[in-house]
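Coordinates in review
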Amino acid sequence: MRWPKKRERLPEVVAQALGAPTRHARAVATLEGGWFAVDRGGYVLVQAGGCVSVRGAWASLAGLVWDEGLGCVTVTFVDPARPPLTIEVAEAPSLELLTAAREGIEESHVLTLCRVLECGTTVRAWVLRDSDGQLFSLLGADGPIPPAEREQALSLEAKAREAAGLDPREAH
C-alpha cells in the first residue's frame, strides 16, 4: 500500500473527515492503516475504512512531538486528566505536518498561568483561541482542589482572562 506523500492528494476518507479543502491538509500514515491528518482547524485520526478515531481542535492540545527512536507521534492534551495519545507511524512525518501542528497549537494558545496550591495541586489557567478565533478560558488541575483553596484557583483564571482582555468576572 502506498502512503500519501507531500503534495499528493489526500485519500477521500481523510478529506471528508477533515471537512476542509484538501489543499489545506497534510497526512501521515499509521502502522495500523489509516492517517493522522492536520489542517488549520485541528487534527483527526482516520482509520483506513474512514472511521474517525480521534478529532479535535488545536486548543485542546498541549503539544505534539515526533520521537524518531520510537517511530511515533505523541499528542498531549491541555486537560491533565486526558492521557497522551501515541500514534505509531510508518515513516517520519513531513516537516510540513509538524510545522502545521506547531503553528496550530501556538496560534490557539494565547496565555497560560500556573500556580501550585498549598495542597500541592498544580493549577493552570489557559486562555485559548477556538477555530473561529474566539477566546475562551479553561482551568485545569493535576489533582484535587480542596474547597478552602478553590478561590485561589478561580482567581488565577480571572487573572488570565483579564490579562487577555476578557471579562474576569466570567471565570468559572
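Summary of the structure given here.

Each value, and the rule that gives it
Residues numbered from 1 in each chain as written. Predicted model: local features only at pLDDT ≥ 70, side-chain atom pairs only at ≥ 80, totals over all residues. Heavy atoms only, no water. Phe/Tyr/Trp six-rings, centres within 6.5 Å; stacked < 30°, edge-to-face > 60°. Helix = DSSP H or I, 4+ residues; strand = E, 2+ residues; numbered from the N terminus. Buried < 20%, exposed > 50% of the residue type's maximum accessible area, 1.4 Å probe, protein only. Lys NZ or Arg CZ within 6 Å of the ring centre and 35° of its normal. Salt bridge = Lys/Arg side-chain N within 4 Å of Asp/Glu carboxyl O. Core = buried A, V, L, I, M, F, W, Y, C linked by side-chain atoms within 4.5 Å. Pairing = 2+ DSSP bridges. Axes fitted to C-alpha atoms, helices over the stretch in contact; angles between N-to-C directions. Contact = heavy atoms within 4.5 Å. Expected span 1.5 Å × (residues − 1). Arc of directions from axis to C-beta.

Here the focus is the packing of aromatic side chains. Enumeration over the complete set of coordinates arrives at two aromatic pairs. Pairing Y43 with W58 gives two aromatic rings, centres 6.1 Å apart and planes at 45°, and the pair type is tilted. Placement of the pair is Y43 in strand β3 (residues 42–47) and W58 in the loop between β4 (52–57) and β5 (61–67), with a sequence separation of 15 residues. Across the pair, W58 and Y43 agree in class, each one buried. Among the aromatic residues, those joined into a cluster by ring pairs are F36, Y43 and W58. Against the face of F77 rests R82, its NZ or CZ located 3.7 Å from the ring centre.

Moving on, we get to the pattern of salt bridges. Enumeration according to the criterion identifies three salt bridges in this entry. Note that R161 and E170 form a salt bridge whose closest N and O atoms lie 3.3 Å from each other. Across the pair D167 and R169 runs a salt bridge whose closest N-O atoms are separated by 3.1 Å. By relative accessible area, D167 is classed as partly exposed at 24%. Since its relative accessible area comes to 71%, R169 is described here as exposed.

Here we take up the nonpolar core. Counting residues in hydrophobic clusters, the biggest one holds 16 residues, and the most contacted among them are F36, Y43, W58, L61, L64 and V75. Of all the secondary structure elements, the ones that give two or more residues to this core are β2 (34–38), β3, β5, β6 (72–77) and α2 (95–108). Listed in part, the eight residues of the second largest apolar core include L117, A125, V127 and A153.

Attention now goes to the sheet that holds strand β10 (residues 135–141). In spatial order, the strands read β8-β9-β10; together these three strands make up an open sheet with antiparallel pairing. Looking at the sheet topology across the chains shown, the edges are occupied by β8 (109–116) and β10. Within this sheet the neighbouring strands show an average axis-to-axis angle of 15°, counted without direction. As paired elements, β8 and strand β9 (residues 122–129) share seven bridges and run antiparallel to each other. Paired with T112 across the two strands is W126, which belongs to β9. Each of β8 and β9 is contacted by α2, which is oriented at about 70° to β8, the strand it contacts most. Against the sheet, helix α3 (residues 150–163) contacts β8, β9 and β10, and its axis sits at roughly 155° relative to β8.

Spatially, β5-β6-β7 is the arrangement adopted by the three strands of the open sheet, whose pairing is antiparallel. On the outer flanks of this sheet lie β5 and β7 (85–88), each paired with one strand and no other. Here the strands of the sheet are splayed against their neighbours by 15° on average, with no regard to which way each runs.

The next subject is α2. If you check α2, its first and last C-alpha atoms are 20 Å apart, about what 14 residues at 1.5 Å a residue would give, namely 20 Å. For α2, the complete set of buried residues consists of L97, A101, G104, I105 and S108. Taken end-on, α2 shows its buried residues confined to a sector of 95°, consistent with a single buried face. Set apart from the buried face of α2 by more than 90 degrees, the exposed residues are L95 and E107.

No statement about biological role is implied by the geometric values presented.
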